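The residues making up each chain are set out below.
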Amino acid sequence: MPETATAIIAPPLPTVWPQFGQPLQLGVMASGNGSNLEAIAQAIHRGDLHAEIRAVIYNNPGAKVADRARRLGLPTVLLNHRQYPSREALDKEIVETLRRHGVEWVIMAGWMRCVTSVLIDAFPRQVLNIHPSLLPSFPGLRAVDQALAAGVKLAGCTVHHVELAVDSGPVIMQAAVPVEPDDSTETLQARIQQQEHVIYPAAIALAAIA
Ligand code: GAR
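Residues numbered from 1 in each chain as written. Predicted model: local features only at pLDDT ≥ 70, side-chain atom pairs only at ≥ 80, totals over all residues. Heavy atoms only, no water.

**What about the packing of helix α5 (residues 143-150) against helix α6 (residues 185-209)?**
Quick note on the threshold: Angles shown run from 0 to 180 degrees and are taken between the N-to-C directions of axes, each axis being a line fitted to C-alpha atoms and, for helices, limited to the stretch in contact. Each helix is a run of H or I in the DSSP string that is no shorter than four residues. Each strand is a run of E no shorter than two, and both are numbered from the N terminus. Handedness of a helix crossing follows the sense of rotation of the near helix relative to the far helix, less than a right angle counterclockwise being left-handed and clockwise being right-handed. Throughout, a contact is declared for two residues whenever any of their heavy atoms are within 4.5 Å. Only Asp, Glu, Lys and Arg are considered charged in this grouping, and only Ala, Val, Leu, Ile, Met, Phe, Trp, Tyr, Cys and Pro are considered nonpolar; every other residue, Gly among them, is considered polar.
Their axes nearest at 10 Å, the elements α5 and α6 cross at an angle of 115°. As α5 packs across α6, the resulting crossing turns out to be right-handed. Residues V144, D145 and L148 of α5 form the contact with α6, whose own contacting residues are T185, L188, Q189 and I192. Within the contact of α5 with α6, the residues separate by chemical class into 4 nonpolar, 2 polar and 1 charged.

Here it is as structure tokens:
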């Protein structure tokens, strides 16, 4: 069986990045596992991304991302959406929290809530999201299942600027992975996530110099 290739689709990164200037001040928003948070933290640690993670906001008590963040020595803030009367009220608190921590770039990494203009307008063009499909295909929940059900031969992931509609906004970077005939949700998701961990740090750097 020939080895299958993975395509990463992006303009080339300049080699001078990330040595110059102040580190990017990141705030990460996550709801669950936090593997993308960890990948970004590792990229920073390796020197591949000139940035600092100022705060990790999560919305589900007990989410694994909080344990990861604490292990990485990162400040965590639980903002449980169930305790806010509206999406706007939650986003107002998110904006205040991010500002209090000196955040410039908002990195949604498995944040499974719709956001409002309260957040988007507070950080113009500086709210990024990752989604496990080649957008604009398969936005929303269970993107990997959607791809399998559609019978596509290429799946992948996308980092994009966040606009109001779910999983929409200008694409920064994508990675494509092959769908194998015997793929399950889990095997395809794992292959996609490997690429998420590669492109998210690179896409953050790319967005910052664009
Ligand atoms: C990632 O696969 C990300 O693409 C997806 O949630 C997962 C979070 O994984 N996001 C969305 O579906 C957003 N629409 P992680 O918690 O291990 O980083």
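The structure having been displayed, the exposition proceeds.
**Digging into the pairing of strand β8 (residues 171-178)**
Operational definition: Throughout, exposure labels follow a simple rule: accessible area from a 1.4 Å probe, protein chains only, divided by the maximum for the residue type, with under 20% read as buried, over 50% as exposed, and the rest as partly exposed. The rule for pairing is simple: two strands pair if DSSP sees at least two bridges between them.
β8 sits mainly inside the fold: 7 of its 8 residues count as buried. Sheet topology places strand β7 (residues 154-161) next to β8; 7 bridges connect them, and they run antiparallel. Bridge pairing in β8 places T158 opposite Q174.

**Some words on the site of the ligand**
This is how the line gets drawn: Whether a residue is near a molecule or strand is decided by its heavy atoms; if any one of them lies within 4 Å of it, the residue is near. By the criterion applied in these results, polar contacts are pairs of N or O atoms within 3.5 Å in which, for protein atoms, one can donate a hydrogen and the other can accept it, and in which residues neighboring in sequence qualify only through two side-chain atoms. Each accessible area value is a Shrake-Rupley result obtained with a 1.4 Å probe; residue values ignore everything except the protein chains displayed when judging cover.
Taken together, N33, G34, S35, N36, G110, M112, I130, H131, P132, D167, Q193 and E196 form the complete shell of residues around the ligand. Between the ligand and I130 there is a distance of 3.4 Å, counted from a nitrogen atom to a backbone nitrogen or oxygen. Within the backbone of P132, an N or O atom sits 3.4 Å from an oxygen atom of the ligand. Contact with the protein chains removes 88% of the 450 Å² of surface that the ligand exposes when unbound. Breaking the shell around the ligand down by element, the ones donating at least two residues are α1 (35-46), β6 (127-131) and α6.

**A look at the packing of aromatic side chains**
Heads up, the rule is: Only the six-membered ring of Trp is used, alongside the rings of Phe and Tyr, when aromatic pairs are assigned; centres must lie within 6.5 Å, and planes under 30 degrees apart are stacked while those over 60 apart are edge-to-face, with the rest tilted. For a ring to carry a charge above it, either NZ of a lysine or CZ of an arginine must fall within 6 Å of the ring centroid while also lying within 35 degrees of the normal to the ring plane.
Under the definition given, this model contains 0 aromatic pairs. Above the ring of F123, the side-chain terminus of R99 is found at 5.5 Å from the ring centroid.

**Observations regarding unusual backbone geometry**
A cis geometry characterises the amide bond from L135 onward to P136, with omega recorded as 15°. Looking at where P136 falls in the secondary structure, it is placed in the loop between β6 and α5. Positive phi, close to 50°, is recorded for R142, a residue that is not glycine. With respect to the helices, strands and loops of the structure, R142 is situated in the loop between β6 and α5.

**Concerning α6**
Selection criterion: Any helix carries an expected span of 1.5 Å times its number of residues minus one. Think of it this way: the bend at a residue is just the angle between two axes, each fitted to seven residues, one set ending at that residue and the other starting at it.
Here α6 spans 35 Å end to end across 25 residues, near enough to the 36 Å set by a 1.5 Å rise per residue. In α6, a bend of some 25° at I199 exceeds every other bend along the element, and P201, a proline, comes one to four places later.

**Observations regarding the pattern of salt bridges**
Let me state the cut-off plainly: Salt bridges are defined by distance alone: a side-chain nitrogen of Lys or Arg within 4 Å of a carboxyl oxygen of Asp or Glu.
All told, the structure shown has 7 salt bridges when counted by the stated rule. What emerges from the salt-bridge pattern is a single network uniting E38, R68 and R71.

**Notes on the layout of surface pockets**
The cut-off we apply is this: The distinction between a cavity and a pocket rests on a 1 Å grid over the protein atoms alone: a 1.4 Å probe fits inside a cavity but cannot get out, while a pocket stays open yet meets protein on both sides within 12 Å along at least five of seven lines, and a residue with an atom within 4 Å of a point counts as lining. Grid points are joined across faces, edges and corners, and a volume is the space filled by probe spheres set on the points.
Approximately 780 Å³ is the volume found for the largest pocket. If you trace the largest pocket, you find 38 residues lining it, with G110, W111, M112, H131 and P132 closest to the centre. Counting only elements with at least two residues in the lining of the largest pocket, the list comes to α1, β6, α5 and α6. Top element by residues in the lining of the largest pocket is α6. It accounts for 4 residues. A breakdown of the residues in the lining of the largest pocket according to their chemical character gives 17 nonpolar, 15 polar and 6 charged.

**Looking at helix α2 (residues 64-71)**
Every α-helical turn comprises 3.6 residues, leaving residues that sit three or four positions apart pointing alike. Inclusion rule: This arc is taken over the directions from the axis of the helix to the C-beta atoms.
Buried within α2 are the following residues: V65, A66, R68 and A69. Along the axis of α2, the buried positions cluster into a sector of 160°, meaning they face one direction only. Those residues of α2 hidden inside the fold are in contact with β2 (24-30), α1, β3 (51-58) and β4 (76-78). Where α2 terminates, the next one or two residues include G73, which has phi positive at roughly 75°.

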